[in-house]
Amino acid sequence: MEDENRRCKCSIGLKCKFLILTVLVIGYVVGGAWLFVTIERPNQSKVEEDLNTLRERIIGNLTNVLDIDPGENVTLERVRILLNDYQTTLYASFKSGGSPSAIKWDWTTGCFYCITILTTIGYGSLVPVTMQGKIVTIFYAVIGIPLFLIFLAKLGDILVNVIRNCCKRCCTKKRKRGAGSNIGMRKSSSKHKKDEDEDEKAGFDDVDIPISPFIVVYLMYIGAGSAIFYYLQKGTGWDIVDAVYFTVITFTTIGFGDLVPAYTSEGGLSKITELTQSLAGDTLNLNFNITDKEKAYIRHADFALLIWYIIIGMVIMSCIFNLLLVRLRHLSHILSTKTRRDKFALNPSTFDGSGEGKIRKVPPQNFC
């Protein structure tokens, strides 16, 4: 009874610690997002305002140079389109040189940036450009990366224990079902009950969980994510190899940054929205337009889905690493035990001096 109470208190304590750790990680991500948005968004807004001012000044100069009538809106609109194309080309040319990011700082992108720091992926598509942002990033990474790794390890351990508990219950039910067929053998039943009690006291570590199902689920998760990214980003030039490459580089936390999902009108959930519009127009004869505010919501949903996709994949990897660690510990224990037994068996001091091979009594030894 005391053991049960002690075990229950220990379990409650572990759950409370993990809950506190979860709240701490969530607060760390949200607080970091707020901090980075507060630091970086004013600078980004100023850069965009200066760029718009420059564009309008260039249009005015072109109007004066080419002697275009301001009333010719078609010609002016064409000049604006040409300048926008020039701006896009200029950004693509200087992307590798650290040009201002095309992703705007807000709550969703701030959380995305924090997740790329904590998971050590670091795509490079969203980076701080101010000195304050760089300094905050240094301290944020030094504190946050160990915290997030501890959180992943604890979460993986909890999930493995839950699965181990389910496997143990299934084995116990199967054993009880087998014991029910031998009703007439009381001695065997009592021995079986004693074995069950010993198994209950032994805990969950005696249940062997195979790693192969987790690896299969992980590969399926990568395959499904690659297919989704291929569909959503094929308008930006991605093929299936690029999608698989991006997914693998993400979950190995390499994060080159050469391929990053483009959440514009050519990629992301906008593709699904366009598909929904076309289906509604063809089948239901409905015609609806998406406002700029709704487009902003779609972009937030894009980043939110990418964040959750990364976190769930990391959790699956944590479970696999946890199971591998358990297997390695078990193998190390077997090898060390075998080595100690061989060393004890070959020790001449364990035999008496009669030469008849009789083993004398040896006091208990501590091999730990």
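The structure displayed is predicted, hence computed values, not measured ones.

Rules used in this analysis
Residues numbered from 1 in each chain as written. Predicted model: local features only at pLDDT ≥ 70, side-chain atom pairs only at ≥ 80, totals over all residues. Heavy atoms only, no water. Helix = DSSP H or I, 4+ residues; strand = E, 2+ residues; numbered from the N terminus. Buried < 20%, exposed > 50% of the residue type's maximum accessible area, 1.4 Å probe, protein only. Contact = heavy atoms within 4.5 Å. Areas by Shrake-Rupley, 256 points an atom, 1.4 Å probe, with all protein chains shown as cover. Core = buried A, V, L, I, M, F, W, Y, C linked by side-chain atoms within 4.5 Å. pLDDT = per-residue confidence, 0-100. Phe/Tyr/Trp six-rings, centres within 6.5 Å; stacked < 30°, edge-to-face > 60°. Axes fitted to C-alpha atoms, helices over the stretch in contact; angles between N-to-C directions. Parallel < 35°, antiparallel > 145°, perpendicular 65-115°, else oblique. Left-handed = near helix turned anticlockwise from the far one by under 90°. Nonpolar A, V, L, I, M, F, W, Y, C, P; charged D, E, K, R; others polar. Patch = residues over 30% accessible without salt bridge, like charges linked within 9 Å, V, L, I, M, F, W, Y side chains within 5 Å. Salt bridge = Lys/Arg side-chain N within 4 Å of Asp/Glu carboxyl O. Expected span 1.5 Å × (residues − 1).

Draft legend 1. Local environment of the overall build of the protein. On a plain count of helices and strands, the protein comes out with 9 helices and 0 strands. Order of helices (α) and strands (β) in the protein, N terminus to C terminus: α-α-α-α-α-α-α-α-α. Taking all 368 residues of the protein together, the buried fraction comes to 29%. Considering only intrachain contacts with a sequence separation of at least 6, the fraction spanning at least 24 residues in the protein is 71%. By element, 64% of the accessible surface of the protein is carried by carbon and sulfur atoms, the whole surface being about 24800 Å².

Draft legend 2. Highlighting the nonpolar core. The biggest cluster of nonpolar side chains holds 55 residues, and the ones touching the most others in it are Phe36 and Tyr140. Those elements that provide at least two residues to this core are α1 (2-66), α3 (107-118), α4 (131-180), α6 (212-233), α7 (240-251) and α9 (292-345). Here the element with the most residues in this core is α9; it accounts for 13 residues. Sequence-distant contacts of tyrosine 140, defined by excluding residues within four places in its chain, comprise Tyr28, Val29, Gly32, Phe36, Cys114, Ile117, Leu118 and Ile145.

Draft legend 3. Looking closely at the confidence of the model for the protein. Model confidence for the protein is summarised by a mean pLDDT of 75, while 65% of its residues fall at 70 or above. Low pLDDT (under 50) marks residues 183-189, which in the prediction has 1 contact with non-local residues, meaning those over four places away or in another chain. Every residue in residues 199-205 is under pLDDT 50, and counting partners more than four places away or in other chains gives 11 contacts.

Draft legend 4. The packing of aromatic side chains, seen in detail. One pass over the structure, following the stated rule, counts 16 aromatic pairs. Between phenylalanine 18 and phenylalanine 151, the ring centres sit 5.8 Å apart and the planes meet at 5 degrees, which makes this aromatic pair stacked. Taken together, the residues phenylalanine 18 in helix α1 and phenylalanine 151 in helix α4 connect sequence positions 133 residues apart. In terms of burial, phenylalanine 18 and phenylalanine 151 fall into one category: buried. Measuring from ring centre to ring centre gives 5.4 Å for tryptophan 238 and phenylalanine 246, while their planes differ by 55 degrees; the resulting arrangement is tilted. Neither tryptophan 238 nor phenylalanine 246 differs from the other in exposure class; each is buried. Aromatic ring contacts, followed pair by pair, group Phe112, Tyr123, Tyr218, Tyr221, Phe229, Trp238, Phe246, Phe251, Phe303 and Tyr309 into a single cluster.

Draft legend 5. Focus on the environment of serine 318. As for its placement among the helices and strands, serine 318 is situated in helix α9. Setting aside residues no more than four positions away along its own chain, serine 318 makes contact with Leu152, Ala153 and Gly156.

Draft legend 6. Representation of the side chain of threonine 250. Mapped onto the elements of the fold, threonine 250 is located in helix α7. Note on threonine 250: relative accessible area 3%, which makes it buried. In this view, threonine 250 contacts Ile121, Tyr123, Ile310 and Met314; residues no more than four positions away in its chain are not counted.

Draft legend 7. Here's a closer look at the packing of α6 against α7. α7 packs onto α6 with a crossing angle of 130 degrees between their chain directions and a minimal axis gap of 8 Å. In terms of orientation, α6 lies oblique with respect to α7. The interaxial crossing formed by α6 with α7 has right-handed handedness. Of the residues in α7, those in contact with Tyr218, Tyr221, Ile222, Gly225, Ser226, Phe229 and Tyr230 of α6 are Ile240, Ala243, Val244, Phe246, Thr247, Val248 and Phe251. Among the residues forming the contact of α6 with α7, the class breakdown is 11 nonpolar, 3 polar and no charged.

Draft legend 8. The arrangement of a nonpolar patch on the surface in detail. Taken together, the side chains of Met131, Ile135, Ile138, Phe139, Val142 and Ile143 present a nonpolar region at the surface, about 660 Å² in accessible area. Topologically, isoleucine 143 is positioned in helix α4.

Draft legend 9. Just the environment of isoleucine 39, in detail. Turning to its location among the elements, isoleucine 39 is positioned in helix α1. Each C-alpha atom of the pair isoleucine 39 and valine 136 lies 9.4 Å from the other, and the pair is 97 residues apart in sequence. Each residue touching isoleucine 39, except ones within four places of it in the same chain, is listed here: Thr130, Gln132, Gly133 and Val136.

Draft legend 10. Representation of α3 within the structure. Over its 12 residues, α3 runs 16 Å from end to end, which matches the ideal 16 Å to within 8%, given 1.5 Å per residue. For α3, every residue scored as buried is listed here: Thr108, Thr109, Gly110, Cys111, Phe112, Tyr113, Cys114, Ile115, Thr116, Ile117 and Leu118. In the stretch just after α3, threonine 120 is the one whose phi turns positive, near 60 degrees.

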